[in-house]
Amino acid sequence: MSVFTEHTAETAPVAARRTIEGVQNRFGWLPTPVALMAESPQLLAGFLAANAGFEQTDLSPLEREVVILTVSATHECHFCVALHTGKLTQLGASAELITALRAGSPLPEPRQEALRRFTLAVLDHRGAVPDGEIDDFLAAGYLPRHALDVVLGVGAYTMSTFANRLTRAPLDPPLAAHAWTPAA
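Anyway, here's the lowdown on the structure attached to this text.

## What to know about the overall build of the chain
For the chain, the helix and strand inventory stands at nine helices and zero strands. When its helices and strands are written in sequence order, the chain yields α-α-α-α-α-α-α-α-α. Its C-alpha atoms give the chain a radius of gyration of 17 Å, within 12% of the compact-globule value 16 Å for 184 residues. Each of the three principal axes of the chain carries a C-alpha extent, and together these read 50 × 30 × 30 Å. When each of the 184 residues of the chain is scored for burial, the buried share is 46%. Considering only contacts within the chain whose residues lie at least 6 apart along the sequence, 67% involve residues at least 24 apart. Of the roughly 9300 Å² of accessible surface on the chain, a fraction of 57% belongs to carbon and sulfur atoms. Each charge class in the chain was averaged separately, 13 positive and 19 negative side chains, and the resulting centres sit 4 Å apart.

Shown next, in the form of structure tokens:
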């Protein structure tokens, strides 16, 4: 039995109610992870603020999704992988790219693969990325600024994936078509 409450705009702590209403209006439904994160209005606000900042980086929408799916699959967050598979689909990403990201496999396009590898290096080395891996990232055409943008994405989606796993957030029905389970 879970100790976490799946809140609504009516049951959430007062500090989270406007946020929940805004997310529900944006999606047309209230994602269960948001309803669960609302127990801590500060966590919910922190994640949404970090996510909003990440969306404003110089990384393209497709590149941001590469970072997000890399973090989500690495952290084995079934909800985030499903949600962001849908976003990649909306962006017109190829099935080959989506399949590779979901499997944690090398990506078909070299620049995207450099981004995926750099994201993994940030995760694996807890930010202390070796010079050679930074050089490879920059050689793919990225700038030092982009390396820091990746850190922002890793931070935002580490919050989300850890909260989703802690609360055991179930997959919402609108995401069923993109359901995912980690490879054994």
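Right, picking up where we left off after that structure.
## Some thoughts on the packing of aromatic side chains
Evaluated as defined, the whole model comprises four aromatic pairs. Summarising the aromatic geometry, the rings of Phe27 and Trp29 are spaced 5.7 Å apart at their centres and angled 75° between planes, so their arrangement reads as edge-to-face. Ring geometry for Phe47 and Tyr157: centres 5.5 Å apart, planes at 90°, overall edge-to-face. A residue pair is termed long-range when its members are at least 10 positions apart, and Phe47 in helix H3 (residues 41–55) and Tyr157 in helix H9 (residues 144–167) qualify at 110 residues. In this pair, the class of Phe47 matches that of Tyr157, namely buried. Of the aromatic side chains, those joined through ring pairs into one cluster are Phe118, Phe137 and Tyr142.

## Looking at empty space enclosed by the protein
In this structure the tally under the stated criterion is one cavity of 30 Å³ or more. Together, 18 residues line the largest cavity, and Phe27, Val34, Phe47, Leu83 and Tyr157 are the ones closest to its centre. Every element with two or more residues in the lining of the largest cavity is listed here: helix H1 (14–27), helix H2 (32–37), H3, helix H5 (78–90) and H9. Sort the elements by how many residues they give to the lining of the largest cavity and H5 lands first, with five residues. Looking at the lining of the largest cavity, its residues break down into 12 nonpolar, four polar and two charged.

## Concerning a negative patch on the surface
A surface patch of like charges, here negative, comprises Asp124, Asp131, Glu133, Asp135 and Asp136. It is helix H8 (residues 131–139) that provides the largest number of residues to the negative patch, a total of four residues. Tracing the backbone through its elements, the reader meets Asp131 in helix H8.

## Quick notes on the packing of helix H7 (residues 110–124) against H9
Their axes nearest at 10 Å, the elements H7 and H9 cross at an angle of 60°. Of the two elements, H7 crosses H9, and the hand of that crossing is right-handed. On H9, the residues that touch Leu115, Phe118, Thr119, Val122 and Leu123 of H7 are Ala147, Val150, Val151, Val154 and Thr158. Of the residues assigned to the contact of H7 with H9, the class counts are eight nonpolar, two polar and no charged.

Reading the values: rules and limits
- Residues numbered from 1 in each chain as written.
- Predicted model: local features only at pLDDT ≥ 70, side-chain atom pairs only at ≥ 80, totals over all residues.
- Heavy atoms only, no water.
- Helix = DSSP H or I, 4+ residues; strand = E, 2+ residues; numbered from the N terminus.
- Rg over C-alpha atoms; globule rule 2.2 N^0.38 Å.
- Buried < 20%, exposed > 50% of the residue type's maximum accessible area, 1.4 Å probe, protein only.
- Contact = heavy atoms within 4.5 Å.
- Areas by Shrake-Rupley, 256 points an atom, 1.4 Å probe, with all protein chains shown as cover.
- Lys, Arg positive; Asp, Glu negative; His and termini not counted.
- Charge placed at Lys NZ, Arg CZ, Asp CG, Glu CD.
- Phe/Tyr/Trp six-rings, centres within 6.5 Å; stacked < 30°, edge-to-face > 60°.
- 1 Å grid on protein atoms, 1.4 Å probe; cavity = no way out; pocket = protein on both sides within 12 Å on 5 of 7 lines; lining within 4 Å.
- Points joined across faces, edges and corners; volume = space filled by probe spheres on them.
- Nonpolar A, V, L, I, M, F, W, Y, C, P; charged D, E, K, R; others polar.
- Patch = residues over 30% accessible without salt bridge, like charges linked within 9 Å, V, L, I, M, F, W, Y side chains within 5 Å.
- Salt bridge = Lys/Arg side-chain N within 4 Å of Asp/Glu carboxyl O.
- Axes fitted to C-alpha atoms, helices over the stretch in contact; angles between N-to-C directions.
- Left-handed = near helix turned anticlockwise from the far one by under 90°.

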